[in-house]
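Chain by chain, the residues run as shown.
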Amino acid sequence: MTYIVNDKCINCRYTDCVEVCPVDCFYIGENTIVIHPDECIDCGVCEPECPAGAIVPDSDDYPNLQHWLDINTKYSSIWPNITQKLDPLPNADSVNPEKGYTEDKTEMFSDAAGPEE
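Cut-offs applied
- Residues numbered from 1 in each chain as written.
- Predicted model: local features only at pLDDT ≥ 70, side-chain atom pairs only at ≥ 80, totals over all residues.
- Heavy atoms only, no water.
- Phe/Tyr/Trp six-rings, centres within 6.5 Å; stacked < 30°, edge-to-face > 60°.
- Buried < 20%, exposed > 50% of the residue type's maximum accessible area, 1.4 Å probe, protein only.
- Helix = DSSP H or I, 4+ residues; strand = E, 2+ residues; numbered from the N terminus.
- Salt bridge = Lys/Arg side-chain N within 4 Å of Asp/Glu carboxyl O.
- Pairing = 2+ DSSP bridges.
- Disulfide = S-S within 2.5 Å.
- Expected span 1.5 Å × (residues − 1).
- Arc of directions from axis to C-beta.
- Polar contact = N/O pair within 3.5 Å; in protein donor to acceptor, adjacent residues only side chain to side chain.
- Contact = heavy atoms within 4.5 Å.

(A) The packing of aromatic side chains, seen in detail. Across all of its chains, the model carries 4 aromatic pairs by this definition. Considering the side-chain rings of Tyr75 and Trp79, the 4.8 Å spacing of their centres and the 35 degrees angle between planes classify their relative orientation as tilted. Across the pair, Trp79 and Tyr75 agree in class, each one buried. An aromatic cluster of three or more residues is present, and its members are Trp68, Tyr75, Trp79 and Phe109.

(B) Here's a closer look at unusual backbone geometry. At Asn11, a position not held by glycine, the phi torsion is positive, near 70 degrees. Looking at the secondary structure, you find Asn11 in the loop between β1 (3-5) and α1 (16-20). With a phi close to 60 degrees, Asp42 is a non-glycine residue in the positive phi region. In this structure, Asp42 sits in the loop between β3 (33-35) and β4 (55-57).

(C) The pattern of salt bridges, seen in detail. Applying the stated criterion across every chain yields a total of 2 salt bridges. Lys85 is the salt-bridge partner of Asp16, the closest N and O atoms lying 3.3 Å from each other. Of the two residues, Asp16 is situated in helix α1 and Lys85 in the segment after β5 (81-82); the sequence distance between them amounts to 69 residues. Accessibility expressed as a relative area gives 41% for Lys85, which makes it partly exposed. Measuring nitrogen to oxygen at the nearest pair gives 3.4 Å for the salt bridge that ties Lys99 to Asp93. According to the relative accessible area criterion, Asp93 is partly exposed, its value standing at 43%.

(D) Quick peek at the sheet that holds strand β2 (residues 26-28). Pairing within the open sheet is antiparallel, and its 3 strands lie in the order β3-β2-β5. Whereas interior strands pair on both sides, the edge strands pair on one side only; in this sheet they are β3 and β5. As paired strands, β2 and β3 are joined by 3 bridges and run antiparallel to one another. If you follow Ile28 over to β3, its bridge partner there is Ile33.

(E) Expanded view of the state of the cysteines. Scanning the model with the defined rule gives 0 disulfides in all. Cys50 provides the cysteine sulfur closest to Cys9, a residue in no disulfide bond, and the two sulfurs are 6.2 Å apart. Classification of Cys9 as buried rests on a relative accessible area of 5%.

(F) Representation of helix α2 (residues 65-76). Compared with an ideal rise of 1.5 Å per residue, which puts 12 residues at 16 Å, α2 spans 16 Å between its outermost C-alpha atoms and is within 8% of the ideal. Inspection of α2 places Leu65, Trp68, Leu69, Ile71, Asn72, Tyr75 and Ser76 among the buried residues, and these make up the whole buried set. Angular distribution of buried residues about the axis of α2 spans 160 degrees; they occupy a single face of the element.

(G) Spatial organisation of the side chain of Asn72. Relative to the elements of secondary structure, Asn72 occurs in helix α2. Look at Asn72 and you get buried, because its relative accessible area is 0%. Of the polar contacts made by the side chain of Asn72, one reaches the backbone nitrogen of Ile35; its length is 2.8 Å. Asn72 has contacts with Ile4, Val5, Val34, Ile35 and Pro37, leaving out every residue within four places of it along the chain.

Structure, rendered in C-alpha cells:
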C-alpha cells in the first residue's frame with residue numbers, strides 16, 4: 001500500500017502534509033503535489049494533515065484511483081522534491097472540496113513543474 005494525492009489538491013496545493021512526511025516523498029507541480037509511491041513508507045501521517053482531503057491510500061475506493069496512482073508515479077519522477085511547507089495557492093480556500101467546492105477539478109491539472117526549493 002502507498003498513499004496518493006488525488007484531484008482534490010488541484011489549485012489548492014496545501015503543503016501541510018509535506019511538513020509531517022518522515023521520508024520526503026512529496027513532489028511539487030504548478031498547481032498540485034504528488035507522492036512518489038516507491039518512496040512512501042505507508043505511515044499515513046500525511047493523510048489527516050491535508051485540509052482538502054486529497055490524500056488517500058491506494059487501497060481506497062476512490063473514483064479513478066488508478067489514474068491518480070499513475071499521475072503520482074509519473075510526476076514524482078519529473079517534478080522537484082518538496083520538503084518544507086509553502087503557502088497554498090492564492091485561491092485555495094475557494095476551490096477546497098472540504099469547504100464546499102463541488103466542481104470536477106480534473107481538467108484543471110497542470111503538468112508543469114512547481115518551484116524549486
